[in-house]
Amino acid sequence: LDLEVEAGPGATEGTLQLVVRRTSGAVQSDAEQLVLHWGASDGGMDYVRPPKQMLPEGTEFRDGKQSVRSEFARKTPAAADDAKPAAGGEEVRMVVDEKDAPEKLLFLVYIEQRNGCKEQWFKPLDGATSFVVPITEALGEKERTRREEARKKAEEEKEAARTEAERKAAEEKAEQERKIEEQKRKRKDRRESCERFVATFERDADVSEKHVFEYDNGDVIMFAVRAKGASEEERCTKPASAHLVTNLAIGGAPLRLHWGLKVDGKRGWAEPPEECWPENTERRDGQAVQTPFTEVSDGVLAVHIDKMPASASGLLAVLHLPPHTWMNKPGGGDLFLTLRDVAPLPGLDKEVSKTAAQLAEDIVEKEMEYGSWTLMHRYGHGQHVMNSVASDDTDCWATLYIWMRYSQLRVLDWQRNYNTQPRQLSAAQMSFVTQLAQKFREKGAQRWNIRMTMSCVGRGGGGDLGQRIRDDILVILRHNRGWGHGSMMEQWHQKLHNNTTPDDVVICNALLAFWHSNGNRDEYWRVLYDNGVTRERLASYSQPITAEPDYPGHIRDTMLHELGVYGHLLKTVHLGTDLDTIVDHCRWFMSDGTRGAVDGYMHARWHAAFVDKLRSALNARKAVMAQLPHVNEEQARDLLFLDIAIESDARRKVEGGETHDGSLWAHVASVAAAAEALALSEAELDSATRLGNVSRELGEVLKKLEYYGESEDVGLRAAAAMNMARNTLTQVVDRYKRYMASMSSALGTAFHADKELVDTFVEESIRGGPAYALSALLRKAEPAVRRVAQLGPWTVIAPRDKPARGKVRVFRNLRDCMTEKFEKDTIVVASVCDGDEDVPANCAYVVIGATVDILSHVAVRARNEHHALVACFDESEMDRLRSYDGSVATAKLEGDSLSINVEKMSEFTRLKSMESMNSLRKMKSRSLVTAPSGLQTPPSSITGELRSSQSKVDLESADRASGPMKRTGSLLLEEHLAAPWAIRPSAFTIALVGSKSLNLGRLMSLGMPDWINLPTSVTIPNGALKKAFRDEKNAALRQRYSELRTEIYAAAPTDVKLCPQLREIICELEMPEGLAAALRGTLDELGCDDIDSVLPGAWSAVKGVWASTWNERAHLARRKCGMYSEDVDMAVLCQQIIDADYAFVIHTTNPITGSRDEIYGEIVVGLGETLVSNAPGQALGFVVAKSDLENPTIKSYPSKQYALRGGLFIFRSDSNSEDLEGFAGAGLHDSIPLEPNRSIELDYSKEPLMLDDELRHRLMVGVGKIGKTIEELMGGFPQDIEGCYKDGKFYVVQARPQV
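Because the structure is predicted, anything quoted here is derived from the model rather than measured.

This brings us to the overall build of the chain. When its secondary structure is counted, the chain shows 38 helices and 44 strands. A buried classification covers 55% of the 1299 residues belonging to the chain. In the chain, once contacts between residues fewer than 6 apart in sequence are set aside, the share between residues at least 24 apart is 70%. Taken as a whole, the chain presents about 56,400 Å² of accessible surface, with 49% of it coming from carbon and sulfur.

Here is the structure:
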């Protein structure tokens, strides 16, 4: 269809004519009508009704429509034999006064529906919504001029109106802001009046709790008051007085407080007794009373309530403005004030938050005291806890999980004196887990707790049925207390806790047959053998079943029921219906990508190789978690259950003993997948970042494996990544212990749970969670990694930071000594450990002949009870340890190395070791890959060759018991009195500074090569602390310090109770004027740009270094060596911190082998504090021959989890008690940065130290050359050197004799 529009002057002057004409052939039959659908436009594309005079004859306005419709008129009649109108024979003609003509004409054309023919529309070919014809161009010049002038005038008027509107708006805004500020001022004044009123109580009493509630027209302050100095018992037994004060500006009737009490043992509000009613109080509904507020000052109203009964634990209230206005707490709910502290549940740690402690008390009250209580009530209250109590309190979220797990274990009643309809329970359960899923999306730091809580509750077909296998067998065992150690049921329980397999379905069916036949063991064995489970197969499990079932007939019916239910659970798990069901729940709303990933795992779980199963499960979980934020609450709930189900299913593959070909590649790939899977479950915790770093680093190891094969270097890199994974896993375990151990014990005891269930609660929670798979895979990978990396013998499974002195006891199996009664700090050596043993009481160190899971029963118990558990892979070292049986020895962990000093040999040891007495003083692995960072004591074979020029202590005193010490006079030498408050390197002498400063001064004076840089250093010399005490401003502190020092010398050698007080006194010292000036000069010399702002922090850091003289370890070490604190001089070495790219420590004599020909070096990313403070993980460790410095040999790759940056300036301890012969005092005192260092998580897959072979080699060679150079400058004496590397330059920050 082709159309043309003709616009021009009309027949009458001042009019405009428009003609829309068909120019192409007809598009309709003779019987059909072509119609113009049209309207006017003011400039846009919206139709506007045209002027009425513009309508052609026969055209009318349409009701409710802006457009009109006009039929095309036929100009030439069609020929009789032609079925269509002729070309050019149809048009629509319009006439309008120019002054009324619109800006544009909009139109479409259609064939009208008629005689059974459908309506057909013709639209523009360019896709526009309508044809557009400008009209103004056809107007006469006069009309166009008029319109232009009208447009300009309209714009001017519009601009003027806009300006006026803006002016008025600005005035209104200014007035509104003035009123708001006035209201704020008045409200602030009224608030300050209220606070002044509250302050009158705070001066003379203790305000134990205080809440401020902000309403639209004022505030309410609610606080509890009790006498000053009330004891803890009084705070828990005697209610405080309650006070409410308000500045609410409310007209009309007087404001009233509608209030009641929260009373022990009762739910809801309780009417207070009359003896505690304030004046004019009125009784209301039997549960509350009303008290009018009284004016206590201008605009301030108050209510005071006292003499409340001892049973009152809280006050509940709302505000009432008669007759009909009620005011709840802002946001809803009652105003509440705690009147007395809740005594913590027995066994609850003080670390637990106050909110969580109160929550636990509330839970116990409801569970143990309410007459009626059901699962429905439990889930309802759980929802209240997560919405109104828990907030971001991890203790509260852990308490919620512990509560729900005790419910799942049937420790708590599921139904008590209340009939719950199934649909009510189902609705409460569904509402609870749906809200949990929503919280999961909101609170990343609590996801680990929320996941476990959801798996305790389940959704019906969802949740972690694998955990239920562990939990429900405990329920079955409780029916007969005779099923102890050695019974068939206990052995099956141990197998199930270690792993579950399809064999367990057969075992359960065999037990059902046994109980059905009234204890016929032949039936038991028949079912087993019919299904291929022989005696030999039962005995071959990692937790063998060797006993036969026994038959306490009085529980026959109970056992048939319980085993039937348990068998259904086992079949559900092993047939995969748990996962299948939740997949079906989610399939309809999963995205294509998620559905593909999940279906991939559903296939892989039965048909793929082991590593591919783990990777497929990880891929499915990642897809599920990626979709989780983009679905509604119900879908989020089901996706979360799907994630839990996939994780549980994959974990069961590990538990069930599925494995791979045993190659290093398979081990590394499995651990990488398990680490990333655990990172998904850890969510936004630091551990998730670290596990992600581990997984990526293991990915780099896999690439190197594919290129280089199983080389020693690749094995070392794998070992470093595995070490990071193990350290992170340890942190996960510690978090479980911190948040669950105390609370689970307290709640379990209050719930009257079995002691075994309470004792193993944390362990079972860990083993039933996502960390277990990683733990098991790390254990399996350990031998392969050590084989390839050619590593030393030790693996620390449970660390202990304290040495222990005790008798060595040797056993074949750790199980053999579980019931032994040992003396305190016994050291146990056991060749065999299965992982399910308990560590004997009073045992400090346990050395076993092979590793166990980090999450095994024995490992978790060891960590919880602070035993060291160390695995030894070297049989010769185990033989050496076994030879110590009966001897008294001191055991100590230093990094990944175990050292043992035999102090009193048994006859057995003497006979065993006649030929090797010299090796008994220090036992270390001959092939240990890395020394513990900061290790300073070489093997005894070379001790005699290393003597410090600063030795002052008789070493024989180290072996004598320290008696009471009496000398308390402060020794201040003449050199100290005469010395300035701060000295430069040119003034360093042995009398004024410690070895750190002294050696730096020597290096500067001897002349270092240009490529080795030394930082600017200034030292506050020895004696400065004692001079500060003699300042008049510190006289009182000096007197108190002297008294405490006398007391601590008179105390037992191991008594450190007074150490914190002595440190506190030093930190309270005021700065002498001379020292202030010297410290200013020091900061200026170090390059400080803002001395005034930095000076207070610098003074605090100096005092902190001085105060570290009284660190507990420093005091104990001095007492052991017979040193007085007066003998200790503490200089403070002040340096600018070089914000290093890398830091290093050098031992110019190899501390592992004792070789004088080798340098041992360690390098870490960032500042050296992670190195010298023994932060978790290893450094880049290497050895290099002094004769061949260009060819270092790597002994360990770095596995520190974080690097430290920043700090500005550092104040280092530099005492005369750090480098004494036979006494490695380094690390006893503190070095303090001016500002806290920043911690940065390390991803070694992106770290140049790992990626750039040339950089790594250049660093090691440079560090080796520094060590040799400084040792030569120091006359050939072995040196312990610390330094760093920044922007291509090496720096040495301190050097001292290697002791």
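Counting buried residues along strand β38 (residues 1209–1215), 7 of its 7 residues qualify, which places the element largely inside the surrounding structure. Alternating residues of β38 divide into Phe1209, Phe1211, Ser1213 and Ser1215 and Ile1210, Arg1212 and Asp1214, and every residue in both groups is buried. Bridge count between strand β32 (residues 1130–1136) and β38: 7 bridges; the pairing is antiparallel. What sits directly across from Val1132, in β38, is Ser1213. Across 2 bridges, the pairing between β38 and strand β41 (residues 1232–1233) is antiparallel.

Moving on, we get to the pattern of salt bridges. Applying the stated criterion across every chain, the model contains 76 salt bridges. Arg256 is the partner of Glu282 in a salt bridge, and the nearest nitrogen-oxygen pair spans 3.5 Å. Taken together, the positions of Glu282 in strand β14 (residues 282–283) and Arg256 in strand β13 (residues 256–263) put the pair 26 residues apart, joining distant regions of the chain. Judged by relative accessible area, which is 37%, Glu282 ranks as partly exposed. For Arg284, the salt bridge goes to Glu282, with nearest N and O atoms at 3.3 Å.

We now examine the sheet that holds strand β28 (residues 888–894). Taken together, 7 strands build an open sheet; the order of strands is β23-β27-β26-β25-β24-β28-β29 and the sheet is mixed. Either end of the sheet is taken by a strand with one partner, and the two such strands are β23 (794–798) and β29 (897–904). Strand-to-strand, the axes of this sheet are offset by a mean angle of 35°, without reference to chain direction. As judged from the 5 bridges shared by strand β25 (residues 826–832) and strand β26 (residues 843–848), these two strands associate in the parallel manner.

Once that is clear, we can look at unusual backbone geometry. In this chain, Pro322 is followed by Pro323 through a cis amide linkage whose omega measures 5°. Here Pro323 is to be found in the loop between β18 (312–321) and β19 (325–327). Of note in this structure, Lys307 is not a glycine but carries a positive phi near 60°. Structurally, Lys307 is set in the loop between β17 (300–305) and β18. A positive phi is found at His866, a non-glycine position, where the angle reads about 65°.

The next subject is the nonpolar core. By size, the foremost hydrophobic cluster in this structure holds 158 residues, and its most contacted members are Tyr406 and Leu642. Ranked by residues supplied to this core, first place goes to helix α20 (residues 712–750) with 18 residues.

It is worth spelling out the sheet that holds β41 at this point. Spatial strand order, β31-β32-β38-β41: 4 strands in an open sheet with antiparallel pairing. Two strands lie at the open edges of the sheet, namely β31 (1017–1020) and β41, each paired on one side alone. Packed onto the sheet, helix α33 (residues 1073–1085) meets β31, β32 and β38 and runs at close to 165° relative to β31. Packed onto the sheet, helix α34 (residues 1091–1107) meets β31, β32, β38 and β41 and runs at close to 25° relative to β38.

The N-to-C vectors of helix α16 (residues 610–627) and helix α18 (residues 664–682) enclose an angle of 20°; their axes lie 9 Å apart at closest approach. Here α18 runs roughly parallel to α16, going by the angle between their axes. Crossing of α16 over α18 shows left-handed handedness. Seen from α16, the contacting residues are Phe610, Val611, Leu614, Arg615, Leu618, Arg621, Lys622 and Met625; seen from α18, they are Trp665, Ala666, Ala669, Ser670, Ala673, Glu676, Ala677, Leu680 and Ser681. Of the residues belonging to the contact of α16 with α18, the class tally is 11 nonpolar, 2 polar and 4 charged.

Between its first and last C-alpha atoms α34 spans 23 Å; for 17 residues at 1.5 Å apiece the expected length is 24 Å, and the two agree. Among the 17 residues in α34, 12 count as buried, and that is most of the element. All of the buried residues along α34 are Ile1091, Val1094, Leu1095, Ala1098, Trp1099, Ala1101, Val1102, Lys1103, Gly1104, Val1105, Trp1106 and Ala1107.

Here we come to the packing of helix α3 (residues 354–369) against helix α4 (residues 375–389). Between α3 and α4, the least distance of the axes is 12 Å, while the angle of their chain directions is 165°. The angle between α3 and α4 places the two elements in the roughly antiparallel class. Along this stretch, α3 crosses α4, giving a crossing that reads as right-handed. Of the residues in α4, those in contact with Thr355, Leu359, Asp362, Lys366 and Glu367 of α3 are Arg378, His381, Val385 and Val389. Along the lines of polarity and charge, the residues of the contact of α3 with α4 split into 3 nonpolar, 2 polar and 4 charged.

Note that Asp504 resides in helix α10 (residues 503–516). Take Asp504: its relative accessible area is 0%, and that puts it in the buried class. A distance of 3.0 Å separates a polar atom in the side chain of Asp504 from a polar atom in the side chain of Trp492. Separated by 3.0 Å, the side chains of Asp504 and Lys495 make a polar contact.

Attention now goes to the pairing of strand β10 (residues 205–215). As judged from the 10 bridges shared by β10 and strand β11 (residues 218–227), these two strands associate in the antiparallel manner. Bridge pairing in β11 places Lys210 opposite Phe223. A loop of 2 residues connects β10 with β11, the two strands running antiparallel in sequence.

Turning our attention to the packing of aromatic side chains. Counted according to the given criterion, the structure contains 25 aromatic pairs. With centroids separated by 6.0 Å and ring planes inclined at 65°, the aromatic side chains of Phe811 and Phe822 adopt a geometry described as edge-to-face. Linking Phe811 in strand β24 (residues 804–813) with Phe822 in the loop between β24 and β25, this pair joins segments that are 11 residues apart in sequence. An identical accessibility class is assigned to Phe811 and Phe822; each is buried. In textbook terms, an aromatic cluster arises when at least three aromatic residues are bridged by ring pairs, as seen for Phe514, Trp515, Tyr524, Trp525, Tyr529 and Tyr551.

In this fold, Pro544 is placed in the loop between α12 (535–539) and α13 (556–574). Along the primary structure Pro544 and Lys495 are separated by 49 residues, whereas in three dimensions their C-alpha atoms are 7.1 Å apart. Apart from the residues lying within four places of it in its own chain, the contact partners of Pro544 are Gln491, Leu538 and Ala539.

So, about the side chain of Ser67. Looking at where Ser67 falls in the secondary structure, it is placed in the loop between β3 (34–41) and β4 (68–71). One polar contact links Ser67 to His37, side chain to side chain, over a distance of 3.4 Å. Polar side-chain contacts of Ser67 include one of 2.6 Å to the side chain of Arg62. Among residues more than four places away in sequence, those in contact with Ser67 are His37, Trp38, Tyr47 and Arg62.

Parts of the model with low pLDDT should not have their predicted coordinates read in detail. When pLDDT is averaged along the chain, the result is 84; 90% of the residues meet or exceed 70. With pLDDT under 50 throughout, residues 78–84 is counted as low confidence; its partners more than four residues away or in other chains account for 9 contacts. Confidence drops under pLDDT 50 across residues 915–970; counting only partners more than four residues distant or on other chains, this segment forms 145 contacts.

Now for α3. With 16 residues, α3 should cover 22 Å at 1.5 Å per step; its first-to-last C-alpha distance of 22 Å lies within 8% of that length. Among all positions of α3, only Ala356, Ala357, Leu359, Ala360, Asp362, Ile363, Val364, Glu365, Lys366 and Glu367 are buried. As for α3, its buried residues are in contact with β13, β21 (373–374), α4, α5 (394–408), β22 (415–416) and α20.

Here the focus is the environment of Arg1205. Looking at where Arg1205 falls in the secondary structure, it is placed in strand β37 (residues 1202–1205). Residues Arg1205 and Ile1137, spaced 68 residues apart in sequence, show a C-alpha to C-alpha distance of 9.5 Å. Not counting residues within four places of it along the chain, the set of residues in contact with Arg1205 comprises Asp1139, Ala1140, Asp1141, Val1165, Gly1166, Leu1167, Asn1237, Arg1238 and Ile1240. Only 2.5 Å separates the side chain of Arg1205 from the backbone oxygen of Ala1140, close enough to count as a polar contact.

Secondary-structure assignment places Lys1026 in helix α30 (residues 1024–1029). The sequence separation of Lys1026 and Leu977 amounts to 49 residues, and the corresponding C-alpha distance is 9.4 Å.

Rules of the game
- Residues numbered from 1 in each chain as written.
- Predicted model: local features only at pLDDT ≥ 70, side-chain atom pairs only at ≥ 80, totals over all residues.
- Heavy atoms only, no water.
- Helix = DSSP H or I, 4+ residues; strand = E, 2+ residues; numbered from the N terminus.
- Buried < 20%, exposed > 50% of the residue type's maximum accessible area, 1.4 Å probe, protein only.
- Contact = heavy atoms within 4.5 Å.
- Areas by Shrake-Rupley, 256 points an atom, 1.4 Å probe, with all protein chains shown as cover.
- Pairing = 2+ DSSP bridges.
- Salt bridge = Lys/Arg side-chain N within 4 Å of Asp/Glu carboxyl O.
- Axes fitted to C-alpha atoms, helices over the stretch in contact; angles between N-to-C directions.
- Core = buried A, V, L, I, M, F, W, Y, C linked by side-chain atoms within 4.5 Å.
- Parallel < 35°, antiparallel > 145°, perpendicular 65-115°, else oblique.
- Left-handed = near helix turned anticlockwise from the far one by under 90°.
- Nonpolar A, V, L, I, M, F, W, Y, C, P; charged D, E, K, R; others polar.
- Expected span 1.5 Å × (residues − 1).
- Polar contact = N/O pair within 3.5 Å; in protein donor to acceptor, adjacent residues only side chain to side chain.
- Phe/Tyr/Trp six-rings, centres within 6.5 Å; stacked < 30°, edge-to-face > 60°.
- pLDDT = per-residue confidence, 0-100.

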